[in-house]
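Residues per chain are reported as follows:
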Amino acid sequence: MKILMVCLGNICRSPLAEGILAHKTKQLDIEVDSAGTAAYHIGKFPDKRSIEIAKKYNIDLKSQRARQFSRADFDEFDIIYAMDTNNLAHLISLAKTEKEHKKIRLILNEINPGACESVPDPYYGGENGFQNVYNMLNEACDKIIQNIE
Ligand code: 4NP
């Protein structure tokens, strides 16, 4: 099972989602990666604030580097989670087949199915924003694992 987490820049939300799910699934046969729909931050480390909040929970994000989502990811991954509805719409616009469409999900729908809620973009906010994002992603990742097992 290969799971891809997708946000806009691949420096705040999706690196954290990748780190949390990878941490929780160490004993399972699951590969996790992340990407951004935008190209702004390609090659960069995750945002310091994401690194810090992850560290608080013993999760290391420092080996991650930002990359841009590419259509090849539709072949590579089984499930592609968008962090928000803008990125969901972007991914849907890139999908060409029914099979590709079916791989795309909104991550917070794991917690509240059908509610179509977004993980708020914490980039221009303060530390609380990152704690809030962590809490949401932590709960969503627990649900992802429950649904896989
Ligand atoms: P992310 O956050 O999509 O969670 O990585 C953002 C990072 C950078 C920008 C926006 C959101 N930016 O505009 O550069």
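Per chain, residue numbering runs from 1 following the sequence as it is written. At least 70 in pLDDT is required for a residue's local features to be given in this predicted model, at least 80 for side-chain atom pairs to be given and counted, and no such filter applies to totals for whole chains, interfaces and linings, which use all residues. Note that water and hydrogens are dropped before the side-chain values are worked out from all heavy atoms of the structure.

### Some remarks on the sheet that holds strand β2 (residues 31–36)
Two strands pair if DSSP finds at least two bridges between them. The helix count covers DSSP runs of H or I at least four residues long, the strand count covers runs of E at least two residues long, and both are numbered beginning at the N terminus. Reading across the sheet, the four strands line up as β2-β1-β3-β4 and stay open at both edges, with parallel pairing between neighbours. With one partner strand each, in any of the chains shown, β2 and β4 (104–106) form the two edges of the open sheet. Between one strand and the next, the sheet's axes are offset by a mean angle of 25°, whatever the strand orientation. Lines are fitted to the C-alpha atoms to define the axes, a helix being fitted only along its stretch in contact, and any angle between axes, read from their N-to-C directions, falls within 0 to 180 degrees.

### Re the layout of surface pockets
Lining residues are defined by having an atom within 4 Å of a point belonging to a cavity or pocket. Those points lie on a 1 Å grid over the protein atoms alone, cavities being sets where a 1.4 Å probe fits but cannot get out and pockets being open sets with protein on both sides within 12 Å along at least five of seven lines. Grid points are joined across faces, edges and corners, and a volume is the space filled by probe spheres set on the points. Space inside the largest pocket adds up to approximately 160 Å³. Three classes are used, and their members are as follows: Ala, Val, Leu, Ile, Met, Phe, Trp, Tyr, Cys and Pro are nonpolar, Asp, Glu, Lys and Arg are charged, and the others, Gly among them, are polar. Residues belonging to the lining of the largest pocket are distributed by class as follows: eight nonpolar, two polar and two charged.

### Notes on helix α4 (residues 85–94)
Think of it in three bands: residues with accessible area under 20% of the maximum for their type are buried, residues over 50% are exposed, and the middle band is partly exposed, with areas taken using a 1.4 Å probe on protein chains only. The complete set of buried residues in α4 reads N87, L88 and L91. Taken end-on, α4 shows its buried residues confined to a sector of 105°, consistent with a single buried face. Along α4, exposed side chains directed more than 90 degrees from the buried face belong to N86 and S93. Of the surrounding elements, those touching the buried residues of α4 are β1 (2–7), α1 (13–24), α3 (73–76), β3 (79–82) and β4. Here a polar contact is recorded for every N or O atom pair within 3.5 Å, except that within protein the pair must consist of a potential hydrogen donor and a potential acceptor, and residues adjacent in sequence are included only if both atoms are side-chain atoms. Sitting at the amino-terminal end of α4 is D84, which places a side-chain oxygen 3.1 Å from the backbone nitrogen of N86. Taken from the helix axis, the directions to the C-beta atoms give the arc we talk about. Contacts: residue pairs with any heavy atoms within 4.5 Å of one another.

### A few points about the pattern of salt bridges
We define a salt bridge as a side-chain nitrogen of Lys or Arg found within 4 Å of a carboxyl oxygen belonging to Asp or Glu. Applying the stated criterion to the full structure yields ten salt bridges. For K24, the salt bridge is made with D142, and the minimal N-O distance between the two is 2.9 Å. On the criterion of sequence distance, the pair formed by K24 in helix α1 and D142 in helix α6 (residues 127–148) is long-range, its members being 118 residues apart. Looking at D142, the relative accessible area reads 33%, which means it is partly exposed. In this structure, the salt-bridge partner of D73 is R67, at a minimum N-O distance of 2.9 Å.

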